[in-house]
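Summary of structural features
Chain by chain, the residues run as shown.
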Amino acid sequence: CCFALNFYICWKINTMHYSRYKISDFVDFGSALIQVATKDSAIRRGMAEVGYGTQKLSDGEILYRKFHSLTLEHESTTRQKRLVNNQRSQNHLLLKKEYMRVVKIARIAFQDQNVILTNLCLDAEREKVMDSWIAQGELFCKRLLTQSEYLSALLPYGISETMVQELVVKFNELRSI
């Protein structure tokens, strides 16, 4: 029985190449071995002969339980991060539509006024990195809000002060996610 168990363990370990399996596969295999070893008295005696007594087996079982709980906690955290990232991406897409609509209208409204184009950063490309994009959008909105003549020029195009203030709030919400 001990020879068969040792042969199986050696064969399983040699065929479980690290590149083909996840760490959890190795841990699950080790856990299965510990459970079998603690239940079968013949295997327990054989394990004791090679230095794995009852104490070492119970220590291994405790370590497995700790690892298993940490793995579950890690999976939960990873799921939560994915949800937050998905929410942030979705909010970003919705805000981008509203923001770019205002930017395009402002570019058209101020196309012949280089000072205003520069002041509102309308002649520059939109940032690619989300945090920089948020900062650029907030700057655009805040500069619009501080210049009443800019807002007056955009009013005929359907861009109101309230709409720009709502954009600022949405940028702040996106930053806080």
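Rules used throughout
- Residues numbered from 1 in each chain as written.
- Predicted model: local features only at pLDDT ≥ 70, side-chain atom pairs only at ≥ 80, totals over all residues.
- Heavy atoms only, no water.
- Helix = DSSP H or I, 4+ residues; strand = E, 2+ residues; numbered from the N terminus.
- Buried < 20%, exposed > 50% of the residue type's maximum accessible area, 1.4 Å probe, protein only.
- Areas by Shrake-Rupley, 256 points an atom, 1.4 Å probe, with all protein chains shown as cover.
- pLDDT = per-residue confidence, 0-100.
- Phe/Tyr/Trp six-rings, centres within 6.5 Å; stacked < 30°, edge-to-face > 60°.
- Expected span 1.5 Å × (residues − 1).
- Contact = heavy atoms within 4.5 Å.
- Core = buried A, V, L, I, M, F, W, Y, C linked by side-chain atoms within 4.5 Å.
- Salt bridge = Lys/Arg side-chain N within 4 Å of Asp/Glu carboxyl O.
- Axes fitted to C-alpha atoms, helices over the stretch in contact; angles between N-to-C directions.
- Left-handed = near helix turned anticlockwise from the far one by under 90°.
- Nonpolar A, V, L, I, M, F, W, Y, C, P; charged D, E, K, R; others polar.

**A word on the overall build of the protein chain**
Looking only at helices and strands, the protein chain features 8 helices and 0 strands. Counting from the amino terminus, the protein chain carries its helices and strands in the arrangement α-α-α-α-α-α-α-α. Going through the 177 residues of the protein chain one by one, you find that 26% of them count as buried. About 12,100 Å² of surface is accessible on the protein chain, with carbon and sulfur atoms providing 57% of the total.

**Description of the confidence of the model for the protein chain**
Of the residues in the protein chain, 88% reach a pLDDT of 70 or more, and the chain-wide mean stands at 85. The least confident element of the protein chain, judged by mean pLDDT, is helix H1 (residues 2-15) at 57; the most confident is helix H8 (residues 161-176) at 95.

**Examining the packing of aromatic side chains**
With the rule as written, the count across this model stands at 5 aromatic pairs. Ring centres of Tyr-99 and Phe-171 lie 5.3 Å apart, and the angle between their planes is 85 degrees; this geometry places the pair in the edge-to-face category. Of this pair, Tyr-99 sits in helix H4 (residues 54-109) while Phe-171 sits in helix H8, and the two are 72 residues apart along the sequence. One aromatic cluster is present, formed by Tyr-99, Trp-133, Phe-140 and Phe-171 through successive ring pairs.

**As for H4**
Residues spaced three or four apart along an α-helix face the same direction, because each turn holds 3.6 residues. Here H4 spans 81 Å end to end across 56 residues, near enough to the 82 Å set by a 1.5 Å rise per residue. What H4 keeps buried is the set Leu-57, Gly-60, Tyr-64, Arg-88, His-92, Leu-95, Tyr-99, Met-100, Val-102, Val-103, Ile-105 and Ala-106. Tucked into the core, H4 has its buried residues touching helix H2 (23-39), helix H3 (41-49), helix H6 (130-146), helix H7 (148-154) and H8.

**Remarks on the nonpolar core**
The biggest cluster of nonpolar side chains holds 27 residues, and the ones touching the most others in it are Phe-110, Leu-120, Leu-122, Phe-140, Leu-144 and Phe-171. Those elements that place two or more of their residues in this core are H4, helix H5 (114-119), H6, H7 and H8. Looking at which element gives the most residues to this core, the answer is H4, with 7 residues. Sequence-distant contacts of Phe-140, that is, excluding residues within four places in its chain, are made with Tyr-99, Val-102, Val-103, Ala-106, Leu-120 and Leu-122.

**Thoughts on the pattern of salt bridges**
This model, assessed by the stated rule, comprises 4 salt bridges. Salt-bridge contacts for Lys-170 lead to Glu-98; the nearest nitrogen and oxygen are separated by 2.7 Å. With a gap of 72 residues between them, Lys-170 in helix H8 and Glu-98 in helix H4 connect regions that are remote in the sequence. Here Glu-98 falls in the partly exposed class, since its relative accessible area comes to 32%. In this structure, Glu-138 engages Arg-175 in a salt bridge whose closest nitrogen and oxygen atoms are separated by 2.5 Å. Here the residue Glu-138 occupies a position in helix H6, and Arg-175 occupies one in helix H8, the gap between them amounting to 37 residues. What makes Arg-175 partly exposed here is its relative accessible area of 37%.

**Let's talk about the packing of H2 against H4**
Direction vectors running N to C along H2 and H4 enclose 145 degrees, while the axes themselves pass 10 Å from each other. Where H2 crosses over H4, the two elements pack in a sense that is left-handed. Residues Ile-23, Val-27, Asp-28, Ser-31, Ile-34, Ala-37 and Thr-38 of H2 touch H4, and the partners they reach there are Leu-57, Gly-60, Glu-61, Tyr-64 and Phe-67. Here the contact of H2 with H4 is built from residues that sort into 7 nonpolar, 3 polar and 2 charged.

**Digging into unusual backbone geometry**
Phi angles above zero are rare outside glycine, and Cys-121 is one such case at about 60 degrees. Looking at the secondary structure, you find Cys-121 in the loop between H5 and H6.

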